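If you want the building blocks of each chain, they are given just below.
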Amino acid sequence: MSLPPDAGRFGLSAPEPLSGTEACTTPMSVHSDPADWPAPVPALARPLGADADAAPTLAELTTLRVGGPVGGYVEARTEAELIDAVRQADAAGTPLLVIGGGSNILGADAGFDGMVVRDARQEVNLSADDRCGGVEFTATAGTTWDDLVREAIANQWGGFAPLSGIPGTVGAAPVQNIGAYGAEVAELLASVRAWDRVAGRPVHLPLARLHLSYRDSALKRSLSDAAIGGGRTWGPTGRWVVLAVTFAVRSASLSAPIAYAQLADILGVEVGERVDARAVREAVLELRRSKGMVLDGADHDTWSAGSFFTNPILTPAQADALPDDAPRFPVTDHSRAVAGTRQAPVVEGLVKTSAAWLIDHAGFGKGFALPTAGAEPTASLSTKHVLALTNRGHARAADLTGLRDAVVTGVRERFGVTLVPEPVHVGF
């Protein structure tokens, strides 16, 4: 990681009072050694560099561990290599899948007759760090997300701790606007550098152009919305291929105010309190493990794509039609939040409910599986959390899509709400 010329001054916990320009240029981060970062957790379905010259299957590339062969496979080690792979595929009319950790993909049994590209760059570069302006840094798209979280916590780059343990890479973070436990990446992100497949050149996309909302963005919508995609739809990778993401945050050793009641309970604090960011990470990982949301090859509950369905966003009339005890939450715009200063404002006229509650109350409990000829199911809902569809060790994509369809149909018939899958379906 590259650092500013005065990096030797990092780590001052109680600097002498300064004024004027000198005060504003005082760096506030902690220049930590990677050995001092919080402990890592598994975050990628397939390690980079593992038989990089052989084309793997979608099953080998994804955390759901299903899917057939791919047409070609490239691990790009420079931005130029990444762009060249995308340009060659587009010029040849070859379907393209740019993949990170493989944690948000359901691959078809027939495979994907196209080019799969991974960004192998793992780089984080600090560009600004001062008392007045905060901290700004850029991570390449291939950087493992949880490694960035670990580095951010160790260096006191605020706001990342609730997003601990999410598998995948930085490039996917703005596409999905990843979030957990009351936080979203929209609160941390400043801009994206991307390859525009329509314009044929790199572009700078500031936060306002990304149109981030709950598990959505212009980047994601370009997959299926021709108006955003420049007059066409793009398939499993959209119009913009993320090259790097720039974050702008405040320096802080404490977390942002805890916004999630379950997390506050584990920490033993009230909602709204701030605690040490490392403690928040450990509590988040404890919660995620209890739900099978931290990758573990020995635990089939983690052979999943995480939360398979997004929480439905409803009109007030639709929300009123649900049973009285159904959860109802405000919809908030995290792209307008300022960590520690301004909470995400409420979006009027929309109500969020819980997909997990709908699934459970439609009769699909933990471990639910469709009847099979064998003694054991090949696919089921997680035994820890009904929102995850899991591969019990020998599932095919058809087993998971059958379970998906049964849950969607059951919830729609019971509550009149159609659940929307979160993973990208590849090869279908």
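Just above sits the structure.
Caption draft 1: Expanded view of the sheet that holds strand β4 (residues 112–119). Strands sit in the order β1-β4-β2 across an open sheet of three strands; the sheet is parallel. The sheet is open, and its two borders are formed by β1 (70–76) and β2 (96–99), each paired with just one other strand. Taken over all neighbouring pairs, the strand axes of this sheet differ in orientation by 20 degrees on average, direction set aside. Strand direction decides the pairing type here: β1 and β4, joined by six bridges, are parallel.

Caption draft 2: Representation of helix α12 (residues 397–415) within the structure. An ideal rise of 1.5 Å per residue puts 27 Å on 19 residues; α12 measures up with 27 Å between its terminal C-alpha atoms. Lining the buried residues of α12 we find β3 (105–107), α11 (355–361), β15 (379–381), β16 (389–391) and β17 (424–426). Positive backbone phi, approximately 75 degrees, marks Gly416, located one or two places after α12.

Caption draft 3: View of the layout of surface pockets. Volume-wise, the second largest pocket comes out at about 530 Å³. Lining the second largest pocket we find 28 residues, and of these Asp216, Lys220, Thr310, Val420 and Pro421 sit closest to its centre. Among the residues making up the lining of the second largest pocket, the classes are represented as 13 nonpolar, nine polar and six charged.

Caption draft 4: Focus on the sheet that holds strand β10 (residues 201–206). The antiparallel open sheet is built from five strands, whose spatial order is β5-β6-β11-β9-β10. The open sheet has two free edges, formed respectively by β5 (124–130) and β10, since each of these has just one partner strand. Averaged over all pairs of adjacent strands, the angle between their axes in this sheet comes to 15 degrees, without regard to strand direction. In this structure, β5 lies alongside strand β6 (residues 134–140), joined through six bridges in antiparallel fashion. The residue bridging Val124 from the neighbouring strand is Ala139, located in β6. Along the sheet face, helix α3 (residues 79–92) touches β9 (189–196), β10 and β11 (240–249) and points at about 140 degrees away from the line of β11.

Conventions and cut-offs
- Residues numbered from 1 in each chain as written.
- Predicted model: local features only at pLDDT ≥ 70, side-chain atom pairs only at ≥ 80, totals over all residues.
- Heavy atoms only, no water.
- Pairing = 2+ DSSP bridges.
- Helix = DSSP H or I, 4+ residues; strand = E, 2+ residues; numbered from the N terminus.
- Axes fitted to C-alpha atoms, helices over the stretch in contact; angles between N-to-C directions.
- Expected span 1.5 Å × (residues − 1).
- Contact = heavy atoms within 4.5 Å.
- 1 Å grid on protein atoms, 1.4 Å probe; cavity = no way out; pocket = protein on both sides within 12 Å on 5 of 7 lines; lining within 4 Å.
- Points joined across faces, edges and corners; volume = space filled by probe spheres on them.
- Nonpolar A, V, L, I, M, F, W, Y, C, P; charged D, E, K, R; others polar.

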